[in-house]
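# Coordinate inspection notes
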Amino acid sequence: MKKLILLGIAFTCFFANAQIITNPQTLADVKSMLAQQKELAKNRNKELFSVFDKNLTTDERQALEFLYAYMPLSDLADCDGDYFLRQVRATLKARDEMPWVKTLPESAFLHFVLPIRVNNENLDEFRAVAYDELKYRVRGLSMEEAALEVNHWCHEKVNYRGSDARTSSPLQSIRTSWGRCGEESTFTVSALRMVGIPARQVYTPRWAHCDDNHAWVEVFVNEKWQYLGACEPDAKLDMGWFTEPARRTMLVNTRAYGKYSGNEEVLRNEARFSELNVVANYTQTKRITVKVLDAKGRPAVGADLEFGLYNYAEFYPLFKTKTDEKGEASFTTGYGDLMLWAYQNDAWAYQKISVANAASATLKLSNKFPNNHFETFDWHVPVEQTPYADRLTPAEKAENTARMHFEDSIRGLYMASFKDSLWCTAFVRENNYKNADRLVPLLLLCYGNWAEITQFLSSKPENQKEWAVELLSQISEKDIRDTKASILEDHLRNSFQYAAGLEKSNQELFSKFVLNPRVGDEKLIAYKAYLQNAFGDEFIQSVRKDVNQLIQWMTQNMTTNQTANLHSRAPLTPQGVYELRAADKISYQTFFVAACRSFGIPSRINEASQMAQVYENGSWKNIAFEPTNENINDKGFVNLICDTPEEAKYSITYSLARFQNGRFETVGLEWGKEMSGKTEKIELETGKYFLLTGTRQSNGDVLGSLYFFEINKGKITDAKIVLRQPAVVAKSTIGKIDLKRSSIAFYSQQVTKPDYLENHISEQGAILIWIEPDKEPSKHVMADLPLVKEQLEKWGGNIIFMLSRETTSQSFNPDHFKNLPEQSVYCWDVGNSTLAQVAKMKKREQFNNLPVITVIDKDGNVSFFNEGYTIGIGDKLLKEIK
């Protein structure tokens, strides 16, 4: 396994009560940045900076200054000085009590232990609250042992389950008991830092070989960075189910808080953070150089350049940069294809590059738009490599599995406190709610937050009950499981005062765009009463007559800053924006929408255009906060045509992108919107567009196409969705499973005598899926199959989930995996007899990366094989069985 590189920093070590910052350059930069931050946050000066008037130790003062110097807008807006002081004191306590902290390089402590923020999560009191519990778990251990033990502790608290884009705080994740990989890794990094172990969240923004992304954790142990799977403990470091997929990545990155001085490749060196490229830690890489020329063939200095990766039917920008004085920019990446996009003013250019075959490319900018131009492209991803040998002995593997099963049982005991449908039904009845069929499913989403939600619902007068349920139905599932009753109460009480009877005349409009507190991915708070009191009735009435009054107030009293919040990317809360009087663009728009809703004006951010809108005179009106030459409310139509039966789903096999803000940006239509075999007219803003399609192949490669077109005001433009298909080849057989000696036992039945696969294979054959139910890759399979449930049921072949007694914990519950095809069953692969046959045909001793998926005919002939982490396996299986 590739050794991870050293952290290239001066090894100035810590001792208890030593000065935290000794590097003169760091001291100077902190002083300079702190002055800028004080000016930026001058409207919250008392809330933030009065903490420095307290009797602080030298260490406390330096730690606070370092945090404040590089703090993103979200933290300046929504936290106060006392909060940060509590976190600093918890960190210094760990520094004094954890022996390994004394050996840390100064820079490792500053960048990867002291910072509370990991990514875009909501900040909380986790570091101060949970330290005493965790410190006893790592007492007497080496630093490496402690890192592994922290991950076991994290696994006791949190397990994987997919969720929406908003990142829960660590304490919120514990309350729920699960989260997506970004939340698991944020939680684990926070726990590691809590006990003084340098940790960082590393991230492949998009996989190359399949759609989706992944985040995991690196720890600085034994003077080098090593990795682990968050909340997925292994017996050693540098192990994880994602090891093999990571060898096919095009980018793995991480962020360092503050100005970074190490020797790892810096993708972006922003004022408040550095983004590092650590892809070389995981796979073979090449540095490519791109030259951009203007229309006259001269170097285009300062042109915007994007390195795009095909994923989710868009060219996702792995890296954005500007060209230097030679018109050039470079990027270190893996051995797959990239689509290069260059922009300057209204001129642009694009070109596909195969990194495996080239180290450079040249793009020439042009103002000409290729209207009605269609082209195809073949997209290649890094090839799959021979898997690493298993590093664990059978005894080590068994010991770690047993620990994980025990930790599952600990988490299971906590989850048993969540309320079931019987309890929820009784609550609804006892509190005289009439719409049980609507409320009970919402209550089941509470998980560990049931006390807050039931507190909100209890003792409501009759005239509020319907609206209380309506409010819960509008917020996200994640909101239901982590929002406090006081927040919900604010929005229920303060949504009607200025609505002027809208709740009666147009209940749907009122519920979605006035009552609903959720605007985007911001932290949900009680903001309606706050904003109503802050602005006053007279101003609110003037805005209700003319929304431009609010726009004018914002323009005069607030500033936008597109760089100061890049590190967190967490939207500021509406109250935070009001108090700070500064925001990034998305938080600025979020504030506008929240204020409008507080004033009884229906408002939203349009998913397709990402523009703020208000509902006026029966239609949605776009809001421009800055002068523009274009009419932002001009609309036209695209007539999407898909006359083939292939699966055309938005953001899966096709998407639209519009040229706006100087670049092509993906249009946010409904995710998964299906167009197979039909035509649909869609209203969109006028402008220049392209239609991108892609058909993902079994090896990860893509057969793609691009079609450029324009939408004019009031006109209809046809755009045909062309899903390219691979050439038809004769079906080949990978091998044959001996069904007569494939011993199985049904999960739900007591074993009385031997049973064999031959007795349970239909005429259509079967899909055999070996899973580890508690691991993320297997959970993705279980989430993918319901998406193609109907098609698989029509096919009629058996779907057999094969379990191993060694890797399946007692907490496994098939009922957690819902909406699977009706012919799905769970079986024990007794003695792993069948999996061993598949391993032999693939010339392997065993498979270390489940799930393993095969398609067999009624005689056991294997025509399809898939191993490890894969997104979209349902569609792949449909192609195979068709």
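Another point: the packing of helix 3 (residues 58-69) against helix 5 (residues 81-97). One way to put it is that helix 3 packs onto helix 5 with a least axis distance of 10 Å and a crossing angle of 120 degrees. Considering their axes alone, helix 3 and helix 5 lie oblique with respect to each other. In this structure, helix 3 meets helix 5 at a crossing whose hand is right-handed. Residues Asp59, Glu60, Ala63, Leu64, Leu67 and Tyr68 of helix 3 form the contact with helix 5, whose participating residues are Gly81, Phe84, Leu85, Val88, Arg89, Leu92 and Arg95. Split into classes, the residues belonging to the contact of helix 3 with helix 5 amount to 8 nonpolar, 1 polar and 4 charged.

This part is about the confidence of the model for the protein. Residues of the protein with pLDDT of at least 70 account for 97%, and the chain-wide mean is 92. Segment residues 1-17 is flagged for pLDDT under 50; beyond a separation of four residues in sequence, or across chains, it makes 67 contacts in the model.

Here we take up the pairing of strand 23 (residues 654-660). Across the 7 residues of strand 23, 7 count as buried, placing the element largely inside the fold. Of the two faces of strand 23, the one carrying Tyr654, Leu656, Arg658 and Gln660 and the one carrying Ser655, Ala657 and Phe659 are both buried. Relative to strand 26 (residues 687-696), strand 23 runs antiparallel, the two sharing 5 bridges. Bridging across to strand 26, tyrosine 654 finds its partner in threonine 693. The pairing of strand 23 with strand 24 (residues 663-666) spans 4 bridges and is antiparallel. The residue bridging arginine 658 from the neighbouring strand is glutamate 665, located in strand 24. In textbook terms, the turn of a hairpin is the stretch between consecutive antiparallel strands, and for strand 23 and strand 24 this stretch comprises 2 residues, one of which, asparagine 661, has a positive phi near 55 degrees.

A few words now on the side chain of arginine 44. With respect to the secondary-structure elements, arginine 44 resides in the loop between helix 1 (24-40) and helix 2 (45-49). Of note is the side chain of arginine 44, whose polar atom sits 2.6 Å from the backbone oxygen of leucine 76. Apart from residues no more than four positions distant in its own chain, arginine 44 is found in contact with Leu76, Ala77, Asp78, Cys79, Glu579 and Leu580.

Another aspect to go through is the pairing of strand 7 (residues 265-269). Bridge analysis of strand 7 against strand 8 (residues 273-277) gives 4 bridges, and the strand direction is antiparallel. Within strand 8, the residue paired with asparagine 269 across the bridge is serine 274. Linking strand 7 to strand 8, which pair antiparallel, is a turn of 3 residues.

Nonpolar side chains in soluble globular proteins tend to be buried together. The biggest cluster of nonpolar side chains holds 106 residues, and the ones touching the most others in it are Tyr68, Ile197, Val219, Phe535, Leu550, Phe591 and Phe592. Leaving out residues up to four positions away in the same chain, valine 219 has contacts with Ala147, Leu192, Ile197, Pro198, Ala199, Lys224, Trp225, Gln226, Leu228 and Leu237. Residues Met250, Ile288, Phe315 and Phe319 belong to the second largest nonpolar core, which totals 45 residues.

Parameters at a glance
- Residues numbered from 1 in each chain as written.
- Predicted model: local features only at pLDDT ≥ 70, side-chain atom pairs only at ≥ 80, totals over all residues.
- Heavy atoms only, no water.
- Axes fitted to C-alpha atoms, helices over the stretch in contact; angles between N-to-C directions.
- Helix = DSSP H or I, 4+ residues; strand = E, 2+ residues; numbered from the N terminus.
- Parallel < 35°, antiparallel > 145°, perpendicular 65-115°, else oblique.
- Left-handed = near helix turned anticlockwise from the far one by under 90°.
- Contact = heavy atoms within 4.5 Å.
- Nonpolar A, V, L, I, M, F, W, Y, C, P; charged D, E, K, R; others polar.
- pLDDT = per-residue confidence, 0-100.
- Buried < 20%, exposed > 50% of the residue type's maximum accessible area, 1.4 Å probe, protein only.
- Pairing = 2+ DSSP bridges.
- Polar contact = N/O pair within 3.5 Å; in protein donor to acceptor, adjacent residues only side chain to side chain.
- Core = buried A, V, L, I, M, F, W, Y, C linked by side-chain atoms within 4.5 Å.

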